[in-house]
Amino acid sequence: MLVGRRPSARWLFVGAAALLAAVVGVVLALQSGPSPACAAPPTGGTVHRGKATFYDSKGEGGNCSFVSAPADRLYVALGPSEYSAGAACGGYLDVTGPKGKVRVLIMDQCPECEPGHIDLSKEAFAKIANPVDGVVPVTFKAATNPSLPGPLSFRIKEGASRYWFAVLVVNHGNPLRSVEVKSGSTFRATDQAEYNYWIYESGLGPGPYTIRVTDVYGQRVTATGIRMAPEQVQQTSVRLYGSGATVPRAKPKPTPSPSASPSPSATTEAPPSLAPAAAIDQQLGPAAAC
């Protein structure tokens, strides 16, 4: 457009009509044409090829709502397709670059990153490439059952109450498939928000709560005694997998007396043996290939 020249009403009308036609065309194409690239977090043994850049979260926990960045500051932000509306949060990637390998926690979203483009912390980037390069080719894949800094913990969101329930699950290692909560006799399925809290809109009463967590590989753990204590991190002694995972007792634990104050505890259901990576990819279906 020429500087200083004001477009006529006719051209404004034509431009508006063209824009409307373009929008309608895109909508029709989305409705009738091939479906857009599906969104799914990296899982199984699939190796992805792409590129890496780096950024600094300034110590914050990113779009996954973690209280802070991990102590080793090895983390990554994924583009919208791999971030998958929060489904990738809390998982780990093994990233290989020109200089070597690094394992990173998925804790953030990179809105401008296309599929295959990952945005590492500057500390993680320095382990696989020279920072002066800025952008480098990489391969990456999900780290299945990675080592963790501690057992499962839970954080009830600020603003939550008996009328609106929201919980953050920390230190689960693999992406989660579901989080179910009960305050009485029935488990209720929660919905994961894009910012990684699991929400039950109508509330689940005053608590305490029993929370059942299942990862994408079918490993499941049940934690009890989680209180309605917004903004407090409530630590348990259980893990979804590994040497810290406990096998349920043959007999149920005795019910504590009503006068006892509840405290977080947990039991782990015996997990199924993990299938080979190729079999896991097949079980997860088409979304795993995105």
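Before reading further, recall that the structure is shown in the block above.
Just so it is clear, the model here is predicted, and its values are computed rather than measured.

Caption draft 1: The arrangement of the sheet that holds strand β5 (residues 117-121) in detail. Strand order in the closed barrel formed by six strands is β1-β5-β2-β4-β3-β6, with mixed pairing between adjacent strands. Along the sheet, successive strands turn relative to each other by an average axial angle of 45°, direction set aside. Pairing analysis gives three bridges linking strand β2 (residues 75-78) to β5, with the strands arranged antiparallel. Counterpart to Ala 77 in the pairing with β5 is Asp 119.

Caption draft 2: Representation of the layout of surface pockets. Approximately 510 Å³ is the volume found for the largest pocket. Where the lining of the largest pocket is concerned, the elements lending two or more residues are β4 (101-109), β7 (153-156), β8 (165-170) and β15 (233-235). Of the residues belonging to the lining of the largest pocket, the class tally is 13 nonpolar, eight polar and three charged.

Caption draft 3: Layout of the side chain of Thr 190. Inspection of the secondary structure puts Thr 190 in the loop between β10 (188-189) and β11 (191-192). From its side chain, Thr 190 meets the backbone oxygen of Val 179 in a polar contact 2.6 Å long. When neighbours within four sequence positions are excluded, Thr 190 is seen to be in contact with Val 179, Val 181, Trp 198, Ile 199 and Tyr 200.

Caption draft 4: Region of interest: the side chain of Glu 82. Its location among the elements puts Glu 82 in helix α2 (residues 80-83). The side chain of Glu 82 sits in the buried core without any salt bridge; Lys 51 is the nearest counter-charge, 12 Å away. Among the polar contacts made by the side chain of Glu 82, one reaches the main-chain amide nitrogen of Gly 116 at a distance of 2.9 Å. Beyond its immediate sequence surroundings of up to four residues, Glu 82 is in contact with Ala 40, Pro 41, Pro 42, Ala 88, Glu 114, Pro 115, Gly 116 and Phe 140.

Caption draft 5: Up close: the packing of aromatic side chains. Applying the stated rule across the entire model yields four aromatic pairs. An angle of 45° between the planes, with centres 4.8 Å apart, marks the rings of Phe 54 and Phe 125 as tilted. Highlighted residues: Phe 54 in strand β1 (residues 48-55) and Phe 125 in helix α3 (residues 122-128), separated in sequence by 71 residues. On the basis of relative accessibility, which here comes to 0%, the residue Phe 125 falls in the buried class.

Caption draft 6: Region of interest: the state of the cysteines. Evaluation of the coordinates by the stated rule reveals two disulfides. Here Cys 64 engages in a disulfide with Cys 89; their sulfurs sit 2.0 Å apart. Judged by the torsion about the S-S bond (-85°), the Cys 64/Cys 89 disulfide is left-handed. Placement of the pair is Cys 64 in the loop between β1 and β2 and Cys 89 in the loop between α2 and β3 (92-96), with a sequence separation of 25 residues. Looking at Cys 89, the relative accessible area reads 2%, which means it is buried.

Parameters and conventions
- Residues numbered from 1 in each chain as written.
- Predicted model: local features only at pLDDT ≥ 70, side-chain atom pairs only at ≥ 80, totals over all residues.
- Heavy atoms only, no water.
- Pairing = 2+ DSSP bridges.
- Helix = DSSP H or I, 4+ residues; strand = E, 2+ residues; numbered from the N terminus.
- Axes fitted to C-alpha atoms, helices over the stretch in contact; angles between N-to-C directions.
- 1 Å grid on protein atoms, 1.4 Å probe; cavity = no way out; pocket = protein on both sides within 12 Å on 5 of 7 lines; lining within 4 Å.
- Points joined across faces, edges and corners; volume = space filled by probe spheres on them.
- Nonpolar A, V, L, I, M, F, W, Y, C, P; charged D, E, K, R; others polar.
- Polar contact = N/O pair within 3.5 Å; in protein donor to acceptor, adjacent residues only side chain to side chain.
- Contact = heavy atoms within 4.5 Å.
- Buried < 20%, exposed > 50% of the residue type's maximum accessible area, 1.4 Å probe, protein only.
- Lys, Arg positive; Asp, Glu negative; His and termini not counted.
- Salt bridge = Lys/Arg side-chain N within 4 Å of Asp/Glu carboxyl O.
- Phe/Tyr/Trp six-rings, centres within 6.5 Å; stacked < 30°, edge-to-face > 60°.
- Disulfide = S-S within 2.5 Å.

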